[in-house]
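Fold and geometry: a report
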Amino acid sequence: MPSTAPILVEKTKLERPPLEIHYLGDRVLRQNCKRVSRVDDKVRQFAKEMLQSMYSADGIGLAAPQVGISKQMLVVDCNLDDPTTPPLILINPKIKKFSRDIAVGPEGCLSIPGVYLDVKRPEAIEVTYKDERGRPQTRTFTGLPSRAIQHEMDHLEGIMFVDRADNELELTQELAKHGFSFKDVRRIKKGK
Ligand code: ZN
């Protein structure tokens, strides 16, 4: 495949997804990820496998550490029902601006299946990143894509969405209900 070809991945579930998802409690989810030094065919192949694994798990976002790779890379697709809208592939993303408006919305995570909790996040973000062809991009995101990208970018710093959940009682109950342990949560104090 020539390196300039777009990454084409069917938005379907595979019986055997190429990558295995790691769960809350796994150390790989708590590490700071390293920058991707060069966007080459290997990186593009990995992005494709991340997308296939995400679609197979019915997710709208997946970060590299969730499949055991400590690299600054994530994929997001908020249009699962639309096969023609391409997914977002963000390499070495950095948030340049946060909106002052804060939005509260429910989040889940492929690494904590079954657990859904409200999380407060800035409504809009401006992000710089490299796309799958290595081209620098600057884009503003709002709504669900903004939330999904912020959630996935947290993963690149070893932060899980449960660390940010406000309601600690509900958090403890939800985790227990789905077989996870509160001791694997690292609460984030307000302001971070
Ligand atoms: Zn997640």
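Residues numbered from 1 in each chain as written. Predicted model: local features only at pLDDT ≥ 70, side-chain atom pairs only at ≥ 80, totals over all residues. Heavy atoms only, no water.

1. Focus: the overall build of the chain
Scanning the chain from terminus to terminus reveals 3 helices and 7 strands. Along its sequence from the N terminus, the chain presents helices and strands in the succession α-β-β-β-β-β-β-β-α-α. Its C-alpha atoms give the chain a radius of gyration of 16 Å, near enough to 16 Å, the size a compact globule of 192 residues would have. For the chain, the spread of C-alpha atoms along the principal axes amounts to about 50 × 40 × 30 Å. Per-residue burial over the chain gives 44% buried out of 192 residues. Put simply, of all contacts in the chain between residues at least 6 apart along the chain, 67% involve residues at least 24 apart. Separation between the mean location of the 31 positive side-chain charges and that of the 27 negative ones in the chain comes to 7 Å. (Helix = DSSP H or I, 4+ residues; strand = E, 2+ residues; numbered from the N terminus. Rg over C-alpha atoms; globule rule 2.2 N^0.38 Å. Buried < 20%, exposed > 50% of the residue type's maximum accessible area, 1.4 Å probe, protein only. Contact = heavy atoms within 4.5 Å. Lys, Arg positive; Asp, Glu negative; His and termini not counted. Charge placed at Lys NZ, Arg CZ, Asp CG, Glu CD.)

2. Points about helix H3 (residues 168-177)
Of the positions making up H3, those classed as buried are Leu 171, Glu 174 and Leu 175. The buried residues of H3 occupy one face: seen down the axis, they fall within an arc of 100°. The exposed residues of H3 that point more than 90 degrees off its buried face are Leu 169, Ala 176 and Lys 177. On its buried side, H3 packs onto strand S5 (117-122). Capping the start of H3 is the job of one residue whose side-chain oxygen sits 3.3 Å from the backbone nitrogen of Leu 169: Asn 167. Count one or two residues on from H3 and you reach Gly 179, which has phi positive near 80°. (Arc of directions from axis to C-beta. Polar contact = N/O pair within 3.5 Å; in protein donor to acceptor, adjacent residues only side chain to side chain.)

3. Some points on the side chain of Ser 56
Its place among the elements puts Ser 56 in helix H1 (residues 41-56). Among the polar contacts listed, one links the side chain of Ser 56 to the backbone oxygen of Gln 52, at a separation of 2.7 Å. Residues in contact with Ser 56, not counting those within four places in the same chain, are Thr 12, Lys 13, Leu 14 and Pro 17.

4. Re the coordination of the zinc ion
Those protein atoms acting as donors to the zinc ion are Cys 109 (SG), His 151 (NE2) and His 155 (NE2), and they sit at 2.0 to 2.3 Å. Mapped onto the sequence, the donors of the zinc ion take the spacing C-x41-H-x3-H. In this pair, Cys 109 sits in the loop between strand S4 (102-107) and S5 while His 155 sits in helix H2 (residues 143-156), placing the two residues 46 residues apart along the sequence. Across the pair, His 155 and Cys 109 agree in class, each one buried. (Donors = N, O, S within 2.8 Å, 3.2 Å for Na, K, Ca; no water.)

5. Topic: the pattern of salt bridges
Inspection of the entire model under this criterion finds 15 salt bridges. Residue Asp 166 pairs with Lys 120 through a salt bridge whose shortest N-O separation is 3.3 Å. Of this pair, Asp 166 sits in the loop between H2 and H3 while Lys 120 sits in strand S5, placing them 46 residues apart in sequence. The class for Asp 166 is partly exposed, based on a relative accessible area of 44%. What makes Lys 120 partly exposed here is its relative accessible area of 43%. Between Arg 187 and Glu 168 there is a salt bridge; the shortest N-O distance is 3.2 Å. With a gap of 19 residues between them, Arg 187 in the segment after H3 and Glu 168 in helix H3 connect regions that are remote in the sequence. Among the residues examined, Glu 168 registers a relative accessible area of 40% and is labelled partly exposed. One salt-bridge network, in which partners are shared between bridges, spans Glu 107, Arg 121, Arg 147, Asp 154 and Arg 164. (Salt bridge = Lys/Arg side-chain N within 4 Å of Asp/Glu carboxyl O.)

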